[in-house]
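Now for the letters of each chain:
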Amino acid sequence: YCLIHFYKREYLNHFVKMAEKHVSLAVIFDVPEGKEFKSKFGEMYAKVKAGTPETLYYGFAVCGNRVLCREAYATVKGVMEHGKEVKEEFQAIESEIGADR
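Residues numbered from 1 in each chain as written. Predicted model: local features only at pLDDT ≥ 70, side-chain atom pairs only at ≥ 80, totals over all residues. Heavy atoms only, no water.

## Here's the deal with the nonpolar core
Then, number 1: Within the largest apolar cluster, 17 residues are counted, with the highest numbers of intra-cluster contacts made by F41, M44, Y58, F60 and V67.
Then, number 2: Sorting the residues of this core by element identifies β2 (23–30), α2 (40–50), β3 (55–63), β4 (66–73) and α4 (87–97) as the ones contributing at least two each. (Core = buried A, V, L, I, M, F, W, Y, C linked by side-chain atoms within 4.5 Å. Buried < 20%, exposed > 50% of the residue type's maximum accessible area, 1.4 Å probe, protein only. Helix = DSSP H or I, 4+ residues; strand = E, 2+ residues; numbered from the N terminus.)

If you want it as C-alpha coordinates, here you go:
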(Lines give C-alpha, C1' and ligand atoms only; values in the text may rest on other atoms or scores of the structure.)
Protein backbone atom coordinates (compact mmCIF):
# COMPACT_ATOMS: atom_id res chain seq x y z
CA TYR A 1 0.00 0.00 0.00
CA CYS A 2 0.98 3.61 -0.51
CA LEU A 3 -0.83 5.67 2.09
CA ILE A 4 -1.00 9.43 1.81
CA HIS A 5 -2.57 11.39 4.65
CA PHE A 6 -3.21 15.02 5.17
CA TYR A 7 -3.17 16.23 8.73
CA LYS A 8 -5.85 18.74 9.55
CA ARG A 9 -4.40 19.68 12.92
CA GLU A 10 -0.83 20.36 13.95
CA TYR A 11 0.17 16.72 14.40
CA LEU A 12 3.07 17.10 16.80
CA ASN A 13 1.18 19.36 19.19
CA HIS A 14 -1.65 16.84 19.43
CA PHE A 15 0.37 13.60 19.41
CA VAL A 16 0.06 13.02 23.14
CA LYS A 17 -3.69 13.72 23.11
CA MET A 18 -4.15 11.36 20.17
CA ALA A 19 -2.27 8.61 21.97
CA GLU A 20 -4.56 9.00 24.95
CA LYS A 21 -7.93 9.34 23.26
CA HIS A 22 -9.21 9.49 19.70
CA VAL A 23 -11.36 7.49 17.27
CA SER A 24 -9.57 5.86 14.33
CA LEU A 25 -11.25 4.13 11.40
CA ALA A 26 -9.90 1.94 8.61
CA VAL A 27 -12.42 1.34 5.83
CA ILE A 28 -11.46 -1.16 3.11
CA PHE A 29 -13.16 -1.45 -0.27
CA ASP A 30 -12.59 -4.23 -2.80
CA VAL A 31 -13.22 -2.45 -6.10
CA PRO A 32 -14.59 -4.65 -8.91
CA GLU A 33 -12.34 -5.03 -11.97
CA GLY A 34 -12.80 -2.25 -14.48
CA LYS A 35 -14.44 0.19 -12.04
CA GLU A 36 -12.83 3.63 -11.81
CA PHE A 37 -12.46 4.99 -8.29
CA LYS A 38 -9.39 7.23 -7.93
CA SER A 39 -11.16 10.27 -9.39
CA LYS A 40 -13.31 10.37 -6.22
CA PHE A 41 -10.33 10.99 -3.91
CA GLY A 42 -10.01 14.71 -4.63
CA GLU A 43 -13.69 15.30 -3.96
CA MET A 44 -13.50 13.42 -0.66
CA TYR A 45 -10.31 15.23 0.44
CA ALA A 46 -11.92 18.61 -0.31
CA LYS A 47 -15.04 17.71 1.69
CA VAL A 48 -12.99 16.55 4.67
CA LYS A 49 -10.66 19.56 4.63
CA ALA A 50 -13.67 21.90 4.68
CA GLY A 51 -15.53 19.79 7.23
CA THR A 52 -15.43 19.13 10.94
CA PRO A 53 -12.47 20.49 12.90
CA GLU A 54 -12.56 17.20 14.84
CA THR A 55 -10.65 15.52 11.98
CA LEU A 56 -7.10 14.58 12.95
CA TYR A 57 -6.10 12.86 9.70
CA TYR A 58 -7.67 11.35 6.59
CA GLY A 59 -6.08 9.46 3.73
CA PHE A 60 -6.36 6.81 1.05
CA ALA A 61 -4.09 3.90 0.08
CA VAL A 62 -4.44 1.73 -3.00
CA CYS A 63 -3.09 -1.77 -3.67
CA GLY A 64 -4.39 -3.25 -6.90
CA ASN A 65 -8.17 -3.13 -6.67
CA ARG A 66 -8.22 -2.69 -2.89
CA VAL A 67 -8.71 0.79 -1.39
CA LEU A 68 -8.08 1.66 2.25
CA CYS A 69 -9.44 4.86 3.77
CA ARG A 70 -7.75 5.61 7.10
CA GLU A 71 -9.09 8.42 9.23
CA ALA A 72 -9.15 9.67 12.81
CA TYR A 73 -11.23 12.10 14.83
CA ALA A 74 -10.77 13.70 18.22
CA THR A 75 -14.15 12.42 19.44
CA VAL A 76 -17.09 10.24 18.42
CA LYS A 77 -18.97 13.47 17.73
CA GLY A 78 -16.38 14.19 15.02
CA VAL A 79 -17.00 10.79 13.42
CA MET A 80 -20.74 11.46 13.38
CA GLU A 81 -20.27 14.95 11.90
CA HIS A 82 -18.00 13.53 9.19
CA GLY A 83 -20.58 10.86 8.37
CA LYS A 84 -23.21 13.52 7.77
CA GLU A 85 -20.80 15.64 5.68
CA VAL A 86 -19.87 12.85 3.25
CA LYS A 87 -23.09 10.81 3.29
CA GLU A 88 -24.14 11.57 -0.30
CA GLU A 89 -20.65 11.05 -1.73
CA PHE A 90 -20.18 7.83 0.22
CA GLN A 91 -23.52 6.44 -0.93
CA ALA A 92 -22.67 7.27 -4.56
CA ILE A 93 -19.29 5.54 -4.30
CA GLU A 94 -20.80 2.54 -2.54
CA SER A 95 -23.48 2.16 -5.23
CA GLU A 96 -20.75 2.11 -7.90
CA ILE A 97 -18.16 -0.17 -6.32
CA GLY A 98 -20.01 -2.04 -3.56
CA ALA A 99 -19.98 -1.99 0.23
CA ASP A 100 -16.88 -1.71 2.40
CA ARG A 101 -15.61 -4.59 4.52
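## Digging into the side chain of H82
Then, number 1: Inspection of the secondary structure puts H82 in helix α3 (residues 76–85).
Then, number 2: A distance of 3.3 Å separates polar atoms of two side chains, one belonging to H82 and the other to Y73.
Then, number 3: If we ignore the near neighbours within four places in the chain, the residues touching H82 are V48, T52, Y58, E71 and Y73. (Polar contact = N/O pair within 3.5 Å; in protein donor to acceptor, adjacent residues only side chain to side chain. Contact = heavy atoms within 4.5 Å.)

## Structural notes on the confidence of the model for the protein
Then, number 1: Looking at the protein as a whole, its pLDDT mean stands at 80, while 76% of the residues score no less than 70.
Then, number 2: Taken element by element, the predicted model of the protein shows its lowest mean pLDDT in strand β1 (residues 2–7) (51) and its highest in α3 (93). (pLDDT = per-residue confidence, 0-100.)

## A word on the pairing of β3
Then, number 1: Burial analysis of β3 places seven of its nine residues in the buried class, the great majority of the element.
Then, number 2: Bridging between β3 and β4 involves eight bridges; their strand directions are antiparallel. Considered in β4, the bridge of A61 is made with L68. (Pairing = 2+ DSSP bridges.)

## Quick notes on the pattern of salt bridges
Then, number 1: Taken as a whole, this structure holds three salt bridges when the rule is applied.
Then, number 2: A salt bridge links D30 to R66, with the shortest nitrogen-to-oxygen separation between them at 2.7 Å. One end of the pair, D30, is in strand β2; the other, R66, is in strand β4, with 36 residues separating them in the sequence.
Then, number 3: Among the ionic pairs, K77 bridges to E81, the shortest N-O distance being 3.8 Å. (Salt bridge = Lys/Arg side-chain N within 4 Å of Asp/Glu carboxyl O.)

## Re the layout of surface pockets
Empty space among the atoms becomes visible once a probe the size of a water molecule is rolled across them.
Then, number 1: By volume, the largest pocket amounts to about 390 Å³.
Then, number 2: The wall of the largest pocket is formed by 23 residues, among which V27, F29, M44, E71 and F90 lie closest to the centre.
Then, number 3: Only β2, α2, β3, β4, α3 and α4 provide two or more residues apiece to the lining of the largest pocket.
Then, number 4: Looking at the lining of the largest pocket, the element that brings in the most residues is α4, giving five residues. (1 Å grid on protein atoms, 1.4 Å probe; cavity = no way out; pocket = protein on both sides within 12 Å on 5 of 7 lines; lining within 4 Å. Points joined across faces, edges and corners; volume = space filled by probe spheres on them.)

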